[in-house]
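One letter stands for each residue in the lines below.
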Amino acid sequence: MEIDHVTLRTADLEGTRTFLEALLGLEPGFRPDFPFPGYWLYRDRDPIVHLIPGGGSPVDRAAETIDHVAFRLDGYDAFRARLDTASIAYSTMDLPELGERRLFVRTPGGILIELVFRTAIV
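Residues numbered from 1 in each chain as written. Predicted model: local features only at pLDDT ≥ 70, side-chain atom pairs only at ≥ 80, totals over all residues. Heavy atoms only, no water.

Trainee: What exactly am I supposed to notice about the overall build of the chain here?
Mentor: A tally of regular secondary structure across the chain gives two helices and eight strands. Along its sequence from the N terminus, the chain presents helices and strands in the succession β-α-β-β-β-β-α-β-β-β. Whereas a compact globule of 122 residues would reach a radius of gyration of roughly 14 Å, the chain reaches 15 Å, a difference of no more than 12%. Taken over the C-alpha atoms alone, the chain extends approximately 50 × 35 × 35 Å along its principal axes. Taking the intrachain contacts of the chain between residues at least 6 apart in sequence as the baseline, contacts between residues at least 24 apart amount to 46%. Of the side chains in the chain, 13 bear a positive and 19 a negative charge, and the two mean positions are spaced by 2 Å. (Helix = DSSP H or I, 4+ residues; strand = E, 2+ residues; numbered from the N terminus. Rg over C-alpha atoms; globule rule 2.2 N^0.38 Å. Contact = heavy atoms within 4.5 Å. Lys, Arg positive; Asp, Glu negative; His and termini not counted. Charge placed at Lys NZ, Arg CZ, Asp CG, Glu CD.)

Trainee: It is not clear to me how the sheet that holds strand E3 (residues 39-43) should be interpreted in this structure. Could you clarify?
Mentor: Paired through their backbone hydrogen bonds, the strands of a sheet run either parallel or antiparallel. Strand order in the open sheet formed by four strands is E1-E4-E3-E2, with mixed pairing between adjacent strands. Here the strands that pair on one side only, and so sit at the sheet edges, are strand E1 (6-10) and strand E2 (27-28). Looking at chain direction, E2 and E3 are connected through two bridges and run antiparallel. Looking at E3, one finds that Glu27 is bridged to Tyr42. (Pairing = 2+ DSSP bridges.)

Trainee: Please clarify how the pattern of salt bridges should be interpreted in this entry.
Mentor: Between side chains of opposite charge, a pair can form when the charged atoms approach closely. Across all of its chains, the model carries seven salt bridges by this definition. For Glu21, the salt bridge goes to Arg17, with nearest N and O atoms at 2.6 Å. Here Arg17 and Glu21 lie together in helix H1 (residues 13-24), a separation of four residues that amounts to about one turn. Here Glu100 ties to Arg102 by a salt bridge, and the two come within 2.2 Å at their closest N and O atoms. Classification of Arg102 by relative accessible area gives buried; the value is 15%. What you see here is one network of salt bridges that share partners, running through Arg72, Glu100, Arg102, Glu114 and Arg118. (Salt bridge = Lys/Arg side-chain N within 4 Å of Asp/Glu carboxyl O. Buried < 20%, exposed > 50% of the residue type's maximum accessible area, 1.4 Å probe, protein only.)

Shown next as structure tokens:
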């Protein structure tokens, strides 16, 4: 089993689209003619992120929610340098027992995105 896609509900549809295009290299592509606005963002031939408008209301942490979305990528050092150059705030987490390094960023609307890099940690 694989996750097919994630749908993010955002109050800043255009800002989130632009952010994810720049951050992850995603490209908008075909989207069925739904009766509401949105985008399907593609990586290669797969629409992995769907964006739809949301009210921007705070998340009720007492209810069940998805906390964040994670993407596995390559090139930790180059990716971190890109974030620094673009002045995108992030936090880090190294998990040497897994051989992984992680970067955490937030979309303009505050959605947490985790970027996972499998690498030898020195």
